[in-house]
Amino acid sequence: MSLSDRQTRTHLMRLFERHGFYPRGDLGQNFLIDINIVEFVAESAGIGPNDVILEIGAGTGGLTSFLAPNAAAVVSVEYDQNVFGLAKEMLDGLSNVTLIHADALKTKNQLNPEVMTIVAAKLAESPNRRLKLVANLPYNVATPVMSNLIATDLPWDCMLVTVQWELAQRMIAVPKSGGNYGALSAWMQSQCELKLLKKLGPQVFWPKPTVDSAILRVEPDPERCTLIADRHFFHEFVRNIFNQRRKSLRAVLRSCFRELDKPRIASLLSELNLAADCRAEELEPKTLVRLANRIGLELNEKTNQST
C-alpha cells in the first residue's frame, strides 16, 4: 500500500475499526486525510539532510512518513498508547525515525525533558544540524509546544505547523486589532517572523473538527532576540500585563511590581514616551520589549541596593 493510500479517510476508519478503538476528541485527534495538504506541509518545511525534525502528535505516522526521506532524523512524539501502536507499525523500517510514547509537555510551561534530551542528542551528531518543528499539532497542546520551544536555547530554524485557525489569528494579531492581540502575539512576534500559508477547512481532517485550521510558518529572528535583555523575565512580563489587559498600563505595572511606587512607574513610562493611561494591547512587541527591559533593570537596581 502506498503512503497516499494509508492516509485516506476510508483506510483510517477501517484501521481504527479493526483495532477496536476510535480517535479521541479530548486529545485533539484529527488526522490529515488530504494527501495534497500532507505533501504541502512536508515540502513547505524545506527539509534537508542536516535537519532534525521534531513532530508532536505523530498520529498514525502519515505525516512522519513524508518527513523522514529527506531529514537527518525525525523525533516523533505520540501521547496516546493506541495510536502510538499504529504509528509504530507504519514507521517500522525507517531507521532515522525515533518514535516516542510520551507527553510532549512536562508542564504547560515546560517541554518534556526526556524528549528534549533525545532531540539534543540528534542535533549533536553533526555541527551543521538544525531543528525544525513540523507537525499537525493537536489543538490542546499547540500553544504551549510552540511557545515553550521558542523559550529554549535549542537551535531551532523553523516551525511549520497546522493549528486551529483562531490560534493562528492570535499569533499574528497586531496591536489595536481587538481581542486577538495578547501575550502570545507579543511573545512570538518579539522574536519571530510569522507567515500564514494556508487556511484549511474541516473536510481535510478525519474526524472533522468543528473549526477551521491554518498552516503557519514561524522563523526565528536573531536580531529581534538580541533586543530582549532577559527572555525569561520578558515571557513572564507579557503574561502578567495581559492578564489585566483592560486596565491602564500604569495600574497594571503597579499591581505586578509592588517594588515600584506610583511616581517611579510614571517616570519610567514618561522615559519611554508612553502615556500613563495606555493599555498593553495598544503597544507593539518591540515597545513591550523596551518596557520590560527598563522595568527589569529598575528591579535589579533595587535588589542590588538592598543587599
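Everything quoted here is computed from the prediction, not taken from an experiment. (Residues numbered from 1 in each chain as written. Predicted model: local features only at pLDDT ≥ 70, side-chain atom pairs only at ≥ 80, totals over all residues. Heavy atoms only, no water.)

1. Topic: the pattern of salt bridges
Alright, step 1. A complete count under the given rule lists 20 salt bridges for this structure.
Alright, step 2. Salt-bridge contacts for Asp-51 lead to Arg-130; the nearest nitrogen and oxygen are separated by 2.4 Å. Here Asp-51 is found in strand 2 (residues 51–56), whereas its partner Arg-130 is found in strand 7 (residues 130–136), with 79 residues between them in sequence.
Alright, step 3. Asp-51 gets classed as buried once you look at its relative accessible area, which sits at 0%.
Alright, step 4. Lys-199 is paired through a salt bridge with Asp-212; the nearest N and O atoms lie 3.7 Å apart. A residue pair is termed long-range when its members are at least 10 positions apart, and Lys-199 in strand 9 (residues 192–200) and Asp-212 in the loop between strand 10 (205–206) and strand 11 (213–220) qualify at 13 residues.
Alright, step 5. For Lys-199, a relative accessible area of 47% gives the class partly exposed.
Alright, step 6. One salt-bridge network, in which partners are shared between bridges, spans Asp-51, Arg-130, Lys-132 and Asp-157. (Salt bridge = Lys/Arg side-chain N within 4 Å of Asp/Glu carboxyl O. Helix = DSSP H or I, 4+ residues; strand = E, 2+ residues; numbered from the N terminus. Buried < 20%, exposed > 50% of the residue type's maximum accessible area, 1.4 Å probe, protein only.)

2. Some points on the state of the cysteines
Alright, step 1. Per the stated rule, a full pass over the model turns up zero disulfides.
Alright, step 2. You can see Cys-192 has no disulfide; the closest cysteine sulfur is in Cys-225, sitting 6.4 Å from it.
Alright, step 3. With no disulfide of its own, Cys-278 lies 14 Å from the sulfur of Cys-256, the closest cysteine sulfur. (Disulfide = S-S within 2.5 Å.)

3. Side note on the pairing of strand 8 (residues 156–164)
Alright, step 1. Here strand 8 lies mainly inside the structure; seven of its nine residues are buried.
Alright, step 2. Two elements, strand 7 and strand 8, share six bridges in a ladder whose sense is parallel. Bridge pairing in strand 8 places Asn-136 opposite Thr-162.
Alright, step 3. A crossover links strand 7 with its parallel partner strand 8, the connecting element being helix 7 (residues 142–151), and its sense is right-handed.
Alright, step 4. When strand 8 meets strand 11, the two strands line up antiparallel, connected through six bridges. Each bridged residue has a counterpart across the sheet, and for Val-163 the counterpart in strand 11 is Ala-214. (Pairing = 2+ DSSP bridges. Right-handed = clockwise from strand over helix to strand, strands pointing away.)

4. Topic: unusual backbone geometry
Alright, step 1. Backbone torsion omega between Trp-206 and Pro-207 reads -10 degrees, so that peptide bond is classified as cis.
Alright, step 2. Considering the arrangement of structural elements, one finds Pro-207 in the loop between strand 10 and strand 11.
Alright, step 3. Phi angles above zero are rare outside glycine, and Lys-176 is one such case at about 65 degrees.
Alright, step 4. Topologically, Lys-176 is positioned in the loop between helix 8 (165–172) and helix 9 (183–189).
Alright, step 5. A positive phi angle is found at Asn-273, which is not glycine, with a value near 60 degrees.
Alright, step 6. Take Asn-273: it is sitting in the loop between helix 13 (262–271) and helix 14 (285–306).

5. A look at the nonpolar core
Alright, step 1. Formed by 69 residues in total, the largest nonpolar core has its most connected members in Leu-54, Leu-133, Met-146, Phe-237 and Leu-253.
Alright, step 2. By residue number, the principal contributor to this core is helix 14, which donates six residues.
Alright, step 3. The residues touching Leu-133, leaving out its near neighbours within four places in the chain, are Leu-54, Ile-56, Val-145, Met-146, Leu-149, Cys-158, Met-159, Leu-160 and Val-161. (Core = buried A, V, L, I, M, F, W, Y, C linked by side-chain atoms within 4.5 Å. Contact = heavy atoms within 4.5 Å.)

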